[in-house]
Amino acid sequence: MRWPASLQARLGLFLGILLTVLWIAAASVTALILRGEMDEVFDSALQETAQRLLPLAVVDIVGREEDGLTQRLGVIREHDELFTYIVRDAEGRILLQSHTADMAVFPAYDGPGFRLTATHRLYNEDALQGTIRITVAEPLEHRGSVAREIRMGLGLPLLIVVPLALLSIVFAVKASLAPLRRFGERLDARNARDLSPVPGGDIPSEIAPVAATLNRLLDRLKAAFDAERSFAANAAHELRTPLAGAIAQAQRLQSETGDMAARARAAEIEATLKRLTRLSERLMQLARAEGGQLRLDRCSDLRIVARLVVEDVARTGSPGRILLTLPEAPVMSDLDPDAFGILCRNLVENALRHGSDAAPVDVTLTRDGQLIVANDGPVLRPETLDRLTARFERAGASGDGSGLGLAIVAAIADRIESPLVLRSPRPGAASGFEASVKLPIDDSIASSRSGLSKH
Amino acid sequence: MRILLIEDDTVLGAAVRDQIAGDGQSVDWVTRLDAAGDAMAGAAYDLVLLDLMLPDGRGIGFLKTLRARGDVTPVIILTALDQVSDRIDGLNAGADDYLVKPFDLSELSARIGSVARRYTGNPNPIISHGALEIDLAARSIHRDGKPVALTAREWALFEALLSRPGQLLSKAQLEEKLYAFDSEVESNTIEVHVSRLRKKLGPRFIETERGMGYRLGKP
């Protein structure tokens with residue numbers, strides 16, 4: 001037989017069977033002992049009856065004028081006769097018998113003592129040198145019914161007690177395992193990046209080591225992930241200074257040399273180094289987006305970050321191409337300003353890179369924390385839109401850009417549990433592209449003032 | 001202008017130094033904060049380029065100490081820390097500008113010019129001075145509508161005089177603007193450059209106070 005997988009069912013089944021067997025065994029032994037005791041009591045009553053009746057019968061028979069006469073005692077009052085008896089002489093003639101005595105029940109006399117027939121328990125006794133012999137019979141049926149009643153009395157509780165015991169076992173097991181189930185639910189409820197220890201709560205001590213081992217494993221995994229992330233971030237960060245030096249030297253070379261060919265080569269080196277810089281930058285941003293805390297325990301105004309980022313992007317290459325729209329009231333959020341900066345910068349740079357040069361890039365931060373970056377340009381096919389957030393995926397054939405920008409934005413959006421919505425054409429227009437993310441904001445601080453102001 | 005460059009990376013530092021020197025400014029380059037402190041105690045700088053992560057400490061701390069002392073020398077932070085929060089920290093510590101590595105040298109030159117102009121109280125890069133039309137950002141001068149070509153040294157001298165209109169600058173002060181500590185200064189260099197500037201820009205452009213120094217002439 002295969003045990004059920006559930007601990008609850010296992011314990012219920014095992015304890016249930018064990019309890020039933022034990023109960024039956026205990027009841028049987030009790031019944032057996034009781035039966036023996038009962039037989040003793042009944043036998044003693046039988047013997048007592050015979051020994052009390054015999055002197056009376058002797059007096060009665062001796063006082064008779066006629067020998068060998070059978071006398072049947074009359075019924076004084078109608079009743080069930082459990083004990084029947086006959087009194088016989090040495091020849092076997094019946095001298096006296098109880099009124100319901102059935103002669104077939106009584107075998108021939110063979111000395112004093114107990115006898116057992118198929119249907120009756122008998123007791124023989126004699127007096128006057130064996131000339132007057134009494135046999136008292138008690139039907140076994142009577143004893144059997146008493147024994148049955150005892151057995152029923154012992155067995156009946158089994159029908160009620162065993163199911164009750166089973167039920168209470170199930171409840172007890174269920175209650176004892178509840179902390180384990182809650183532990184499992186807590187573990188199940190977390191997302192892939194949450195590797196913090198799961199609180200064990202009042203988990204049973206037998207299972208606590210498993211929970212502790214699991215938490216230790218989570219801890220080691222977290223340490224490994226953190227090390228990987230901080231390696232990516234540090235590597236990218238440490239790359240910046242040497243890249244800056246190499247780029248600066250390449251630029252110096254271009255301005256110092258008069259040789260056009262050398263100047264062109266230096267420009268190529270510079271371009272390659274810059275591509276490398278962008279890539280390492282994005283890798284660092286991705287590492288940051290996927291690791292660390294994105295939500296802080298303090299709030300900051302997202303408008304300041306949006307303004308800084310847009311100014312920065314605009315200054316390095318695209319003056320006048322970005323139209324920033326911010327609400328008048330602060331947009332307070334517990335989102336890490338650096339994460340928001342990364343998100344904003346990537347969306348803006350993406351729009352600048354892929355959008356049409358003719359129209360400005362619209363960057364809008366709404367009062368309720370919606371960041372919308374839209375640009376003009378050809379309509380993208382739905383399947384292209386779906387592919388855009390994949391890593392190293394670029395729209396169009398342009399080799400510029402790392403192909404990581406939207407993947408980084410999507411990673412951040414995913415971690416703040418708000419989808420990155422990409423639309424093409426942009427709403428309310430026949431062409432263009434729009435990306436929007438809803439950012440978590442603290443409503444208690446967001447003022448009730450409404451309206452947008454152009455900056 | 002005399003600029004103090006605090007940068008421990010020798011490859012980047014050399015390129016930045018050459019770029020600034022090419023613009024006609026004088027540069028002192030140090031690689032440690034203690035050396036930077038010594039340099040600032042010994043000379044008056046018009047601008048400091050400050051790296052944030054130096055072998056002997058954090059640039060932010062250096063900047064905060066500087067500001068706490070009441071030193072208002074313009075500071076541009078050059079750093080590999082690119083997060084918005086780092087930038088906000090830097091600006092809050094008293095930096096005038098913040099440039100994330102890697103940067104274009106031309107952008108660095110532009111930022112130096114822009115910060116320096118803001119300090120002289122005139123953020124507008126276009127200045128009119130008599131017949132002269134000066135574009136500080138583009139480093140171009142037109143005299144009566146015709147372009148005038150200046151060498152880097154001449155431009156530096158011109159800019160020094162222009163940045164303190166009406167104020168007398170001693171020969172030593174001008175020499176300090178033109179050269180870093182390690183450059184050799186010939187005794188008559190200033191006189192030579194002044195006479196060339198007068199030739200190119202007009203005789204009344206620079207006034208001489210005999211034995212005292214030079215000042216920008218009235219337009």
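What counts and what doesn't
- Residues numbered from 1 in each chain as written.
- Chains lettered and ligands numbered in written order.
- Predicted model: local features only at pLDDT ≥ 70, side-chain atom pairs only at ≥ 80, totals over all residues.
- Heavy atoms only, no water.
- Helix = DSSP H or I, 4+ residues; strand = E, 2+ residues; numbered from the N terminus.
- Buried < 20%, exposed > 50% of the residue type's maximum accessible area, 1.4 Å probe, protein only.
- Contact = heavy atoms within 4.5 Å.
- Areas by Shrake-Rupley, 256 points an atom, 1.4 Å probe, with all protein chains shown as cover.
- UniProt positions renumbered as here; feature names shortened; annotations may be inferred.
- Axes fitted to C-alpha atoms, helices over the stretch in contact; angles between N-to-C directions.
- Parallel < 35°, antiparallel > 145°, perpendicular 65-115°, else oblique.
- Left-handed = near helix turned anticlockwise from the far one by under 90°.
- Nonpolar A, V, L, I, M, F, W, Y, C, P; charged D, E, K, R; others polar.
- Core = buried A, V, L, I, M, F, W, Y, C linked by side-chain atoms within 4.5 Å.
- Salt bridge = Lys/Arg side-chain N within 4 Å of Asp/Glu carboxyl O.
- Buried area = accessible area lost by both parts, 1.4 Å probe.
- Polar contact = N/O pair within 3.5 Å; in protein donor to acceptor, adjacent residues only side chain to side chain.

*Asks:* Hey, could you go over the overall build of chain A for me, with residue numbers and the actual values?
*Replies:* Along the backbone of chain A there are eight helices and 14 strands. Across the 455 residues that make up chain A, the buried fraction comes to 40%. Expressed as a percentage of contacts within chain A between residues at least 6 apart in sequence, the contacts between residues at least 24 apart total 65%. Carbon together with sulfur atoms contributes 59% to the accessible area of chain A, which is approximately 24900 Å² in total.

*Asks:* I'd like a rundown of the UniProt feature "modified residue: 4-aspartylphosphate" (unreviewed entry) in chain B, residues and numbers included.
*Replies:* Residues and elements named next belong to chain B. UniProt records the feature "modified residue: 4-aspartylphosphate" (unreviewed entry) at D51, using the numbering of this structure. Its location among the elements puts D51 in strand β3 (residues 47–51). Aside from chain neighbours lying at most four places away, what touches D51 is I6, E7, D8, G59, L78, T79 and K101.

*Asks:* Could you give an account of the packing of helix α2 (residues 33–42) of chain B against helix α3 (residues 59–68) of chain B, naming the residues involved and the relevant values?
*Replies:* Residue and element names in this part refer to chain B. Where α2 contacts α3, the axes come no closer than 11 Å and their chain directions differ by 25 degrees. On the basis of their axis angle, the class for α2 and α3 is roughly parallel. In this structure, α2 meets α3 at a crossing whose hand is right-handed. Where α2 abuts α3, its residues L33, A36, G37 and M40 lie against G59, F62 and L66. Residue classes in the contact of α2 with α3 are distributed as five nonpolar, two polar and no charged.

*Asks:* With reference to specific residues and values, describe unusual backbone geometry.
*Replies:* The residue after S424(A), namely P425(A), is reached through a cis peptide bond having omega -5 degrees. Mapping P425(A) onto the fold places it in the loop between β12 (421–423) and β13 (433–438). Residue P102(B) is bonded to the preceding K101(B) through a cis peptide linkage, with omega at -10 degrees. Residue placement: P102(B) occurs in the loop between β7 (97–100) and α5 (105–119). Non-glycine residue Q129(A) carries a positive phi angle of around 55 degrees. Examined against the element boundaries, Q129(A) turns out to sit in the loop between β5 (120–127) and β6 (132–139). The exposed category is assigned to Q129(A), whose relative accessible area is 81%. Residue D144(B) is not a glycine yet carries a positive backbone phi of 55 degrees. By the element assignment, D144(B) lies in the loop between β10 (140–143) and β11 (146–148).

*Asks:* Can you lay out the nonpolar core for me, pointing to particular residues and giving the numbers?
*Replies:* Note that soluble globular proteins tend to have their nonpolar side chains buried in a common cluster. Residue and element names in this part refer to chain A. F340, L347, V363, L371, L420, V437 and L439 are the most contacted members of the largest nonpolar core, which totals 49 residues. Listing elements by their share of this core, those giving two or more residues are α4 (260–290), α5 (302–315), β8 (322–327), α6 (337–354), β10 (361–365), β11 (370–375), α8 (405–415) and β13. Not counting residues within four places of it along the chain, the set of residues in contact with L439 comprises L302, L335, F340, L343, L365, D368, G369, L371 and I416.

*Asks:* Tell me about the pattern of salt bridges, and name the residues and values.
*Replies:* Enumeration over the complete set of coordinates arrives at 32 salt bridges over all chains. With its nearest N and O atoms 3.0 Å apart, the salt bridge here joins R2(B) to D28(B). Of the two residues, R2(B) sits in strand β1 (residues 2–6) while D28(B) sits in strand β2 (residues 26–30), which places them 26 residues apart along the sequence. You can call D28(B) buried: its relative accessible area is 5%. A single salt-bridge network, built from bridges that share partners, covers R35(A), D39(A), D43(A), R121(A), E138(A) and R143(A).

*Asks:* Account for the interface of chain A and chain B, naming residues and giving values.
*Replies:* The interface of chain A with chain B comprises 31 residues on the first partner and 26 residues on the second. Each partner contributes to the roughly 2200 Å² buried at the junction of chain A and chain B, and carbon and sulfur atoms together form 57% of this total. At the surface where chain A touches chain B, the tally comes to two salt bridges. With a closest N to O distance of 2.6 Å, D104(B) and K274(A) form a salt bridge. The tally of links between chain A and chain B comes to ten residue pairs in polar contact (both at pLDDT 80 or more). A per-element tally of the side of chain A that touches chain B places helix α3 (residues 208–256) of chain A first, with 13 residues. Along the lines of polarity and charge, the residues of the side of chain A that touches chain B split into twelve nonpolar, eight polar and eleven charged.

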